[in-house]
Amino acid sequence: MPSTTSVRGRVGVMLPRDLPARDLIPYVRRAEQLGFDELWVVEDLGWRGGVAQAATALAVTDRITVGIGIMPAGARNVCFAAMELATLAQLHPGRVTAGIGHGMPGWMRDAGAWPASPLTLLKEYTTALRTLLRGEPGPAGGRYVRCEGVQLTELPDVVPPVVLGVRGPKSQAAAGEVADGLLLAEPATPAYIASSRLHLGPGATVVTYDAAAVDDDESAALDQVRPGLAAIGEPDWAAHLDPLPFAADLRAHRAASPDGAEFARTLPAEWVRTLAIAGTPAQAREAIAARHAAGATTVVLAPVGADALRSLESLARVLPAAVRG
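Report follows, based on the coordinates. None of these values were measured; they are calculated from a predicted model.

The computed volume of the largest pocket comes to approximately 1,500 Å³. Every residue lining the largest pocket is counted, 50 residues in all, and those nearest its centre are R17, D44, W107, E186 and W237. Contributing elements (two or more residues each) for the lining of the largest pocket: β3 (65–72), α4 (105–110), β6 (181–184), β7 (205–214), β9 (298–303) and α14 (308–315). Residue composition of the lining of the largest pocket, grouped by class: 34 nonpolar, nine polar and seven charged.

This brings us to the packing of aromatic side chains. Enumeration according to the criterion identifies two aromatic pairs in this entry. Ring geometry for W40 and Y209: centres 6.2 Å apart, planes at 70 degrees, overall edge-to-face. On the criterion of sequence distance, the pair formed by W40 in strand β2 (residues 38–41) and Y209 in strand β7 is long-range, its members being 169 residues apart. Of the two residues, W40 and Y209, both sit in the buried class. Geometrically, the ring pair formed by F246 and W271 is stacked, given 4.9 Å between the ring centres and 5 degrees between the ring planes. Of the two residues, F246 is situated in the loop between α9 (238–241) and α10 (247–256) and W271 in helix α12 (residues 269–275); the sequence distance between them amounts to 25 residues. Residues F246 and W271 agree in their burial class; the two are buried. Directly above the ring of W237 sits R167, whose terminal nitrogen or CZ lies 4.6 Å from the centroid.

On to the packing of helix α7 (residues 190–197) against helix α13 (residues 281–294). Here α7 crosses α13 at 15 degrees, and the two axes come no closer than 8 Å. Taken together, α7 and α13 sit at an angle that is classed as roughly parallel. The chirality of how α7 crosses α13 is right-handed. Contacts between α7 and α13 involve P190, I193 and A194 on the former and, on the latter, A290, R291 and A294. Across the contact of α7 with α13, the residue classes break down as five nonpolar, no polar and one charged.

A cis amide bond links G69 with the next residue in sequence, I70, at an omega value of 5 degrees. The omega torsion across E186 and P187 is 0 degrees, close enough to zero to call that bond cis. Turning to its location among the elements, P187 is positioned in the loop between β6 and α7.

With respect to the helices and strands, T65 occurs in strand β3. Here T65 falls in the buried class, since its relative accessible area comes to 11%. Of the polar contacts made by the side chain of T65, one reaches the side chain of R10; its length is 3.4 Å. Leaving out residues up to four positions away in the same chain, T65 has contacts with R10, D37, E38, L39, G94, R95, V96 and T97.

Pairing geometry for strand β5 (residues 162–164) and β6, over two bridges, is parallel. Within the sheet, the bridge partner assigned to L164 lies in β6 and is L182. Assessed by its sense of winding, the connection that carries the chain from β5 through helix α6 (residues 169–178) to β6 is right-handed. Summarising the sheet, β6 and β7 pair through four bridges and their orientation is parallel. The residue bridging L182 from the neighbouring strand is V206, located in β7.

What follows concerns the nonpolar core. Of all hydrophobic cores here, the largest spans 72 residues; its most connected members are F36, L39, V78, I100, Y125, L129 and L301. The element contributing the most residues to this core is helix α3 (residues 78–91), with eight residues. When near neighbours in sequence (up to four residues on either side) are disregarded, L301 contacts V11, G12, V13, M14, F36, D210, A212, I277, I288, L315 and V318. In this structure, I232, W237, L267 and V272 belong to the second largest nonpolar core, which totals 21 residues.

Rules and cut-offs
Residues numbered from 1 in each chain as written. Predicted model: local features only at pLDDT ≥ 70, side-chain atom pairs only at ≥ 80, totals over all residues. Heavy atoms only, no water. 1 Å grid on protein atoms, 1.4 Å probe; cavity = no way out; pocket = protein on both sides within 12 Å on 5 of 7 lines; lining within 4 Å. Points joined across faces, edges and corners; volume = space filled by probe spheres on them. Helix = DSSP H or I, 4+ residues; strand = E, 2+ residues; numbered from the N terminus. Nonpolar A, V, L, I, M, F, W, Y, C, P; charged D, E, K, R; others polar. Phe/Tyr/Trp six-rings, centres within 6.5 Å; stacked < 30°, edge-to-face > 60°. Buried < 20%, exposed > 50% of the residue type's maximum accessible area, 1.4 Å probe, protein only. Lys NZ or Arg CZ within 6 Å of the ring centre and 35° of its normal. Axes fitted to C-alpha atoms, helices over the stretch in contact; angles between N-to-C directions. Parallel < 35°, antiparallel > 145°, perpendicular 65-115°, else oblique. Left-handed = near helix turned anticlockwise from the far one by under 90°. Contact = heavy atoms within 4.5 Å. Polar contact = N/O pair within 3.5 Å; in protein donor to acceptor, adjacent residues only side chain to side chain. Pairing = 2+ DSSP bridges. Right-handed = clockwise from strand over helix to strand, strands pointing away. Core = buried A, V, L, I, M, F, W, Y, C linked by side-chain atoms within 4.5 Å.

Following this line, the structure appears as C-alpha cells:
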C-alpha cells in the first residue's frame, strides 16, 4: 500500500555551491515557484559569498525565506555583518535567517581567521550581532569582539533570527544560550536532531541539511545521493554519527576505504537510507516527516547530481501537490 505520509513542517532546498552563475537566478525563482518554504545558501571558502547570494535570491523572489548557512564568525567584523543583515531584512521583511558558526577549521586557518578560543568568539559574536540587530547599543568589549556603543540607525521591522551552525555539544549548548536555534549540517538524522535538540529551549528553531535525491526507482535515488555522503566518514563529522547504532561499523568502513568516493559508493543501502533523504517521493516524505518529528522546524534538501535544475524538479515531488507550481 502506498504511503499517505504528508509533509507538514517547513521544507527548504539548498542552492548548490557549484551551480553555474547563469543558473543561479533561474534556480532560485524555480524553487519559489515549486513551493519550497526556504532557500539556503552556503559560504564555503573559495566559492561564493553568502551575503551576495542571499541578496540576489531575495531580490528576484517574493515569498521564499532565504537563509545564509553559515557566515563564519571569524570572517567579518560583527558591526558590518549586522549592517549587511539588517539591510537585507529591512528590504525583505520576515524573509531572512542568518546562520553563524565557527567555519571549517582548516579553511579558517588557511584564511588566518581561526581564533585560540573558537567558542568564546562565537558566543561574543552572536551576542553582539543579535544586540545590534535589535537596535540596541553594542555590548561591552570582550576577548575578541569590540563594538561597545555602536548602534545601527537603519533597522528592519522584523529582526532576522540568528541560528548557530555548530556540531559539538559545547557549541550547541552555546546556541541554547545566545542564539535563536541551530543549523545542523548533513547528515542530520532523526537521532542527531533529537540529541541536538536537548541543548535548546522548546521554542527554538532547528534547521537541518541532508543530501537528497528522489526517483520513482529507489535504487536509482540511492545511487544518485551517494556522492553527497563522501565526506561524512571524516573526523569532523563524528558528532553526527555518534547517536547512530552503526556508528562504529561506519567508521570501520571508512578506515577500510581508500578514499571518500569509494566509501560512499560501497555504503550499505540501509545506511544510505538513514544518512540521506533518498528514495521514492513517498519514502522521501517519510524521511522528512521523521526529521520534523525529531525536532526539526525546517528540513533543507541538498540536491546531489550534475544537473541541479533537474534535481530541483525531482525534489519538489515531496511537497504537497497544492503548493507545487
